[in-house]
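Survey of secondary and tertiary structure
Single-letter residue listing:
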Amino acid sequence: MKNIILFLLIFVTLTSCGNDPLPKPKGYLRLEYPKAEYTSYNKSLPFTFDRNTLSDTIKFKNLQDNVTSFGLNIEYKKLKGTIYLTYKAIDGQERLIKYLKNAQNFTQEHTKKADVIEEVVWENPENKVYGMFYEVGGNAASQSQFYITDSINHFLTGSLYFYAKPNYDSILPAANYLQKDIKRIMESVRWQ
């Protein structure tokens, strides 16, 4: 009896170990967004810019300040994100320096959660547009931020936020798509 049990145990052990187990390949979420189509946006603003037709609505909000100041929210409901733009008129060199410091400090606040912040200088001397684009990597609240100015009359800042808890891997495809829209806004701004 012992020999039969031993024989069965050896037989089962040898025959049950067939092929080596193979790990399943990593699965990635495949998100495809439509090719961006842009139209010019000008609603009696001190500037014009190109916006993606995928954006659902643009909300306008006056801000309290001593100078012309307002906000524009470009909403992308399908992507569950919004590009927030804030415009402020420049009234002297001191105000420009204040706006620049505020924009740079706002980006640096994300260093607590960000893995990396890449800065890209933006210059378009032909249209008098100068600024900085920030790409924020990691689980920060905002994935992209920018500011542009003509250094005399106009100052525009923008940031990208999603309606979800920041999980960099999950929102990366949408963030990359909307970063292209932000860059298009920066490229297409024309001061009035």
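Here the structure is shown first, and the text comes after it.
Residues numbered from 1 in each chain as written. Predicted model: local features only at pLDDT ≥ 70, side-chain atom pairs only at ≥ 80, totals over all residues. Heavy atoms only, no water.

1. Some details on the sheet that holds strand β3 (residues 57-62)
Put simply, the rule reads: One requirement defines pairing of two strands: DSSP has to find at least two bridges between them. In this text, helices come from DSSP runs of H or I with a minimum length of four residues, and strands from runs of E with a minimum of two, each type numbered from the N-terminal end. In this description, a line fitted to the C-alpha atoms serves as the axis of each element, helices being fitted only across the stretch in contact, and the angle between N-to-C directions of two axes falls anywhere from 0 to 180 degrees.
Here seven strands make up an open sheet; going across it, the order is β3-β4-β5-β9-β8-β7-β6 and the pairing antiparallel. Looking at the sheet topology across the chains shown, the edges are occupied by β3 and β6 (114-124). For this sheet, the mean inter-axis angle between neighbouring strands, taken without regard to orientation, is 15°. Across eight bridges, the pairing between strand β4 (residues 69-76) and strand β5 (residues 81-89) is antiparallel. The residue of β5 that forms the bridge with Glu75 is Thr82.

2. A few points about helix α3 (residues 168-188)
Definition in use: Each helix should span, by expectation, one fewer than its residue count multiplied by 1.5 Å. Throughout, bend refers to the angle between the axes fitted to the seven residues that end at a position and the seven residues that start at it. Here's how the labels work: a residue is buried when its accessible area is under 20% of the maximum for its type, exposed when over 50%, partly exposed in between, all with a 1.4 Å probe on protein chains only.
With 21 residues, α3 extends 28 Å from end C-alpha to end C-alpha; this agrees with the ideal 30 Å at 1.5 Å per step. At Ala174, α3 shows its strongest bend, of approximately 35°. Here α3 has its buried residues at Ile171, Ala174, Ala175, Tyr177, Leu178, Gln179, Asp181, Ile182, Ile185, Met186 and Ser188.

3. A few points about the nonpolar core
Basically, it comes down to this: The criterion is simple. A nonpolar core is a set of buried Ala, Val, Leu, Ile, Met, Phe, Trp, Tyr and Cys residues joined through side-chain atoms within 4.5 Å. Throughout, a residue-residue contact means that at least one pair of heavy atoms, one from each residue, lies within 4.5 Å.
Membership of the largest hydrophobic core comes to 40 residues, with the highest contact counts inside it found for Phe47, Phe49, Phe146 and Leu156. Elements with a contribution of two residues or more to this core: β2 (47-52), β4, β5, α2 (93-108), β7 (129-138), β8 (142-149), β9 (154-162) and α3. A total of eight residues in this core trace back to one element, the largest contributor, which is α3. Excluding residues that lie within four positions of it along the chain, Leu156 makes contacts with Phe47, Leu85, Thr86, Tyr87, Phe146, Tyr147, Ile148, Val189 and Trp191.

4. Topic: the pattern of salt bridges
Side chains that differ in charge, positive against negative, can pair when their charged atoms come close. Selection criterion: Salt bridges are counted wherever a side-chain nitrogen of Lys or Arg sits within 4 Å of a carboxyl oxygen of Asp or Glu.
With the rule as written, the count across this model stands at four salt bridges. Here Arg184 ties to Asp50 by a salt bridge, and the two come within 3.1 Å at their closest N and O atoms. One end of the pair, Arg184, is in helix α3; the other, Asp50, is in strand β2, with 134 residues separating them in the sequence. With a closest N to O distance of 3.3 Å, Asp65 and Lys88 form a salt bridge. One end of the pair, Asp65, is in the loop between β3 and β4; the other, Lys88, is in strand β5, and 23 residues separate them in sequence.

5. Describing the packing of aromatic side chains
Worth spelling out the cut-off: Two rings from Phe, Tyr or Trp (for Trp, the six-membered ring) form a pair when their centres are within 6.5 Å of each other. A pair whose planes differ by under 30 degrees is stacked, one over 60 is edge-to-face, and the rest are tilted.
A complete count under the given rule lists 12 aromatic pairs for this structure. Judged by centre distance (6.3 Å) and plane angle (5°), the ring pair of Phe47 and Phe70 falls under stacked. Of this pair, Phe47 sits in strand β2 while Phe70 sits in strand β4, placing them 23 residues apart in sequence. By relative accessible area, which is 4% here, Phe70 ends up buried. Chaining the aromatic ring pairs together yields one cluster made of Tyr41, Phe47, Phe49, Phe60, Phe70, Tyr87 and Trp191.

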